[in-house]
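Observations on chain architecture
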Amino acid sequence: MTAMPSLTLRQALLIVDAVNGMDSADRLANTRLLAREVEAVIALGAEAVWAEEGRALLDVIKAWTTCQRLAVITAAERFWACSEGGYEEGLRAVGLLPGSWVRG
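Residues numbered from 1 in each chain as written. Predicted model: local features only at pLDDT ≥ 70, side-chain atom pairs only at ≥ 80, totals over all residues. Heavy atoms only, no water.

A word on the overall build of the protein chain
- A count of helical and extended segments in the protein chain gives 5 helices and 0 strands.
- Ordering the α and β elements of the protein chain from the N terminus gives α-α-α-α-α.
- Expressed as a percentage of the 104 residues in the protein chain, the buried residues total 38%.
- The long-range fraction of contacts in the protein chain, counting pairs at least 24 apart against all pairs at least 6 apart in sequence, stands at 60%.
- Here the protein chain has roughly 5900 Å² of accessible surface; of this, 55% comes from carbon and sulfur atoms. (Helix = DSSP H or I, 4+ residues; strand = E, 2+ residues; numbered from the N terminus. Buried < 20%, exposed > 50% of the residue type's maximum accessible area, 1.4 Å probe, protein only. Contact = heavy atoms within 4.5 Å. Areas by Shrake-Rupley, 256 points an atom, 1.4 Å probe, with all protein chains shown as cover.)

Observations concerning the nonpolar core
- Within the largest apolar cluster, 27 residues are counted, with the highest numbers of intra-cluster contacts made by Ile15, Leu34, Val38, Leu57, Ile61, Trp64 and Leu96.
- The dominant element in this core, judged by the number of residues it contributes, is helix 1 (residues 9–20), at 6 residues.
- Discounting chain neighbours no more than four positions away, the residues touching Trp64 are Pro5, Leu7, Ile15, Leu34, Leu57, Arg69 and Val72. (Core = buried A, V, L, I, M, F, W, Y, C linked by side-chain atoms within 4.5 Å.)

Observations regarding the pattern of salt bridges
- Within the structure shown, the criterion is met by 4 salt bridges.
- The partner of Arg92 in a salt bridge is Glu88, with the nearest N and O atoms 2.9 Å apart. Highlighted residues: Arg92 and Glu88, both in helix 5 (residues 87–93), separated by 4 residues, approximately one helical turn. (Salt bridge = Lys/Arg side-chain N within 4 Å of Asp/Glu carboxyl O.)

Section: the packing of aromatic side chains
- Using the criterion set out here, one finds 2 aromatic pairs in the structure.
- Considering the side-chain rings of Phe79 and Trp80, the 5.1 Å spacing of their centres and the 75 degrees angle between planes classify their relative orientation as edge-to-face.
- Taking relative accessible area as the criterion, Phe79 reaches 7% and is therefore assigned buried.
- Its relative accessible area of 35% is what places Trp80 among the partly exposed residues.
- An angle of 25 degrees between the planes, with centres 5.8 Å apart, marks the rings of Phe79 and Tyr87 as stacked.
- Here the aromatic cluster, defined as three or more aromatic residues joined through ring pairs, consists of Phe79, Trp80 and Tyr87. (Phe/Tyr/Trp six-rings, centres within 6.5 Å; stacked < 30°, edge-to-face > 60°.)

Quick word on the confidence of the model for the protein chain
- Confidence in the prediction for the protein chain averages 85 pLDDT; 89% of positions are at 70 or higher.
- Between the elements of the protein chain, mean pLDDT differs from a low of 85, seen in helix 3 (residues 47–63), to a high of 93, seen in helix 4 (residues 66–81). (pLDDT = per-residue confidence, 0-100.)

What about the packing of helix 2 (residues 27–44) against helix 4?
- Here helix 2 crosses helix 4 at 95 degrees, and the two axes come no closer than 9 Å. Put simply, helix 2 runs roughly perpendicular to helix 4. Between helix 2 and helix 4, the contacting residues are Arg27, Leu28, Asn30, Thr31, Arg32 and Leu34 on the first element and Thr66, Arg69, Leu70, Ile73, Thr74 and Glu77 on the second.
- Across the contact of helix 2 with helix 4, the residue classes break down as 4 nonpolar, 4 polar and 4 charged. (Axes fitted to C-alpha atoms, helices over the stretch in contact; angles between N-to-C directions. Parallel < 35°, antiparallel > 145°, perpendicular 65-115°, else oblique. Nonpolar A, V, L, I, M, F, W, Y, C, P; charged D, E, K, R; others polar.)

Laid out in structure tokens, this is it:
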């Protein structure tokens, strides 16, 4: 099992927004598109809000292995399928934030 990379709340929010915009059914292609989708989310938002944390996240994504990217994408997809709680609780429930637990 691949360890989930550690993210901040704002980075996790960028990830789930980016994954929500992905339309490829090809899981491997999605791992290659993740950084581009995060850049698109940053561009759509206020630069002052996302620029610093977003650029740091892009550097982190580039350092992740394909397995780590796939684990993050899978968790983000589970987040969107989850209908319980608020954003932070949902991000913890799918494993995108520290102190997380993952349902089987």
